[in-house]
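Breakdown of the fold
Chain by chain, the residues run as shown.
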Amino acid sequence: MAFGRMGSIMKFEKSEKLYKLAINYIPGGVNSPVRAFGAVGGNPIFIESGKGAEITDADGNKYIDYVLSWGPLILGHSYPDIVGALENAIQKGTSFGAPTELEVELAKYIIDKVNSVERIRLVNSGTEATMTAVRLARAVTNRRMVVKFDGCYHGHSDGFLAKAGSGMLTAGIPSSSGVPRTITELIISLPYNNMESIEDIFEKRGGDIACVIVEPMAANMGVVPPENGFLEGLRKVTKEYDSLLIFDEVITGFRLGLGGAQQFYGVYPDITCFGKIIGGGLPVGAIGGRADIMDRLSPSGDVYQAGTLSGNPLAVIAGLTTLKILDNQSVYQKLETNGALLEKYIEQNLDDFGIDGVVQRVGSLLTLFFTDKAIKNFDDANTLDKKLYSEYFHSMLKRGIYLPPSPFEAMFLSVYHNEDIIERTAEAQRKAFAEIS
Ligand SMILES: *Cc1c(COP(=O)(O)O)cnc(C)c1O
């Protein structure tokens with residue numbers, strides 16, 4: 001029996017019913033796999049609404065939300081200015097398939113804030129952004145090979161569903177059925193934070209490598225920051241071999257600050273991919289970069305790229321409204337302060353209950369890994385205690401805390417995750433730790 005934060009018994013009847021219905025019509029009952037709770041067991045919770053830091057499920061249970069739609073909702077749920085801007089925009093029409101003034105404003109805004117970006121093209125998802133970035137890099141360099149890193153996520157296009165082969169220097173192999181080897185053979189997947197393997201591969205195949213694509217702060221194997229010199233090393237070696245460096249800032253863009261991870265770490269790529277926050281909770285992605293590279297995109301150049309709903313007026317106004325509210329140093333300071341507070345409480349609780357855990361945090365992104373040493377790459381991440389995470393997840397869920405339903409994800413904070421919310425989370429965590437330790 002589960003007791004919610006209000007002390008009442010939590011029921012999940014309606015969610016269970018909806019899930020049973022959904023699996024008849026939608027593969028696995030969900031429209032994106034991690035939502036199915038496969039990594040933690042149990043049935044997914046169906047969400048009815050969200051306000052600020054909280055969501056309410058179909059049964060009326062309330063949770064403090066640390067998933068926040070997997071990153072876009074830095075302003076929390078239903079931020080009044082965004083709701084207002086959307087209500088206003090919707091009266092004027094939802095899509096035209098022709099240019100609009102606000103697209104130019106959003107493009108200019110991002111270019112003004114993100115140092116390495118001189119031109120930008122809007123698309124509909126992060127997946128589209130990374131796919132196009134690689135196509136551009138191949139066209140510009142007239143090369144085929146792509147280097148990526150194990151544990152980084154770049155969306156679900158064929159080329160990125162590749163994992164490392166048996167030897168470090170061998171070509172990637174498909175990580176999903178339906179992806180041809182002829183495509184993954186063009187991908188080399190290396191360990192994150194390991195400059196040696198990068199230098200090695202460039203020494204042997206540098207002349208074939210179109211680009212290196214990386215999450216400049218990895219957040220899709222849990223939060224794994226770049227070690228000192230890693231990003232600098234990537235910048236140096238790609239320059240030396242006339243390869244392009246692509247930063248996938250779909251999560252980190254406008255999350256680690258207005259200038260993204262590139263400004264945060266002081267290393268600047270040739271191409272940047274955006275998504276999530278720049279759409280303010282609506283579907284968006286973008287590719288930006290140096291003008292000479294970006295102008296290779298059609299119609300100014302020879303690299304084809306298009307989209308019926310690209311630059312959609314609703315997504316653009318939601319994104320622009322979000323970015324303008326973020327344009328205030330105090331927002332990021334507050335996120336940092338509250339992130340640090342949450343980290344402090346979790347570490348205290350781990351200590352008090354004698355649980356092996358490592359908290360890795362950058363600003364408002366945080367992962368608690370149930371393991372006893374720092375996580376530097378995907379192999380390290382795989383040493384964590386997955387069973388313990390599942391128990392922890394469900395113990396928190398029934399106490400009204402909605403954590404990512406996978407141990408390899410980041411917790412996200414919004415501007416609504418204040419001291420009170422964090423203290424309530426820490427209190428629930430103490431009870432959860434008491435239950436599972
Ligand atoms: C979420 C994400 C993507 C994919 O974006 P979608 O909008 O889900 O297609 C790509 N790269 C990174 C780093 C992401 O976090």
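Just so you know, these numbers come straight off a predicted model, no measurement behind them.

So, how was this worked out
Residues numbered from 1 in each chain as written. Predicted model: local features only at pLDDT ≥ 70, side-chain atom pairs only at ≥ 80, totals over all residues. Heavy atoms only, no water. Near = heavy atom within 4 Å. Polar contact = N/O pair within 3.5 Å; in protein donor to acceptor, adjacent residues only side chain to side chain. Areas by Shrake-Rupley, 256 points an atom, 1.4 Å probe, with all protein chains shown as cover. Helix = DSSP H or I, 4+ residues; strand = E, 2+ residues; numbered from the N terminus. Core = buried A, V, L, I, M, F, W, Y, C linked by side-chain atoms within 4.5 Å. Buried < 20%, exposed > 50% of the residue type's maximum accessible area, 1.4 Å probe, protein only. Contact = heavy atoms within 4.5 Å. Phe/Tyr/Trp six-rings, centres within 6.5 Å; stacked < 30°, edge-to-face > 60°. Lys NZ or Arg CZ within 6 Å of the ring centre and 35° of its normal.

The immediate surroundings of the ligand are formed by Ser125, Gly126, Thr127, Tyr153, His154, Gly155, Glu215, Asn220, Asp248, Val250, Ile251 and Lys276. A distance of 2.6 Å separates an oxygen atom of the ligand from a polar atom in the side chain of Thr127. At a separation of 3.1 Å, a nitrogen atom of the ligand approaches a polar backbone atom of Tyr153. For the ligand, whose accessible area on its own is 380 Å², the fraction buried by protein is 83%.

Looking now at unusual backbone geometry. Here the bond from Ser298 into Pro299 is cis, since omega is 10°, no more than 30 degrees from zero. The topology assignment puts Pro299 in the loop between helix 9 (291-294) and helix 10 (313-326). Unusually for a residue other than glycine, Phe37 sits at a positive phi of about 65°. Along the polypeptide, Phe37 turns up in the loop between helix 1 (13-25) and strand 1 (47-51).

A separate point is the nonpolar core. Ranked by size, the top nonpolar core spans 70 residues in total, and within it Tyr66, Phe254, Leu326 and Tyr392 carry the most contacts. The dominant element in this core, judged by the number of residues it contributes, is helix 11 (residues 329-353), at 8 residues. Excluding anything up to four places from it in sequence, Leu326 contacts Ile74, Leu75, Phe254, Leu258, Ile277, Val331 and Tyr332. Among the nonpolar cores identified, the runner-up in size contains 30 residues, and Met145, Ile209, Val267 and Ile375 belong to it.

The subject of this paragraph is the environment of Tyr265. Topologically, Tyr265 is positioned in helix 8 (residues 260-265). With a relative accessible area of 22%, Tyr265 lands in the partly exposed category. Between the C-alpha atom of Tyr265 and that of Pro216, which follows or precedes it by 49 residues, the distance is 8.4 Å. Not counting the four nearest positions on each side in its chain, Tyr265 is found in contact with Pro216, Met217, Pro225, Pro226, Leu231, Glu232, Leu256 and Val362.

Tallied over the entire structure, the rule returns 16 aromatic pairs. Consider the rings of Phe370 and Tyr389, whose centres lie 6.3 Å apart with planes at 55°: the pair is tilted. Placement of Phe370 in the loop between strand 14 (365-369) and helix 12 (378-381) and of Tyr389 in helix 13 (residues 386-397) is noted, with a sequence separation of 19 residues between them. Residue Phe370 is classed as buried on the basis of its relative accessible area of 3%. For Tyr389, a relative accessible area of 5% corresponds to the buried category. Seen from their ring centres, Tyr389 and Tyr392 are 5.9 Å apart, and the 70° between their planes marks the pair as edge-to-face. With Tyr389 and Tyr392 both in helix 13 and 3 residues apart, this pair spans about one turn of that helix. You'll find Tyr389 and Tyr392 in the same group, each marked buried. Pairwise contacts between aromatic rings join Phe353, Phe370, Tyr389, Tyr392 and Phe433 into one cluster. The ring of Tyr109 carries Lys113 above its face, with NZ or CZ at 5.3 Å from the centroid. The ring of Tyr345 is capped by Lys344, whose NZ or CZ atom sits 5.7 Å from the centre of that ring.

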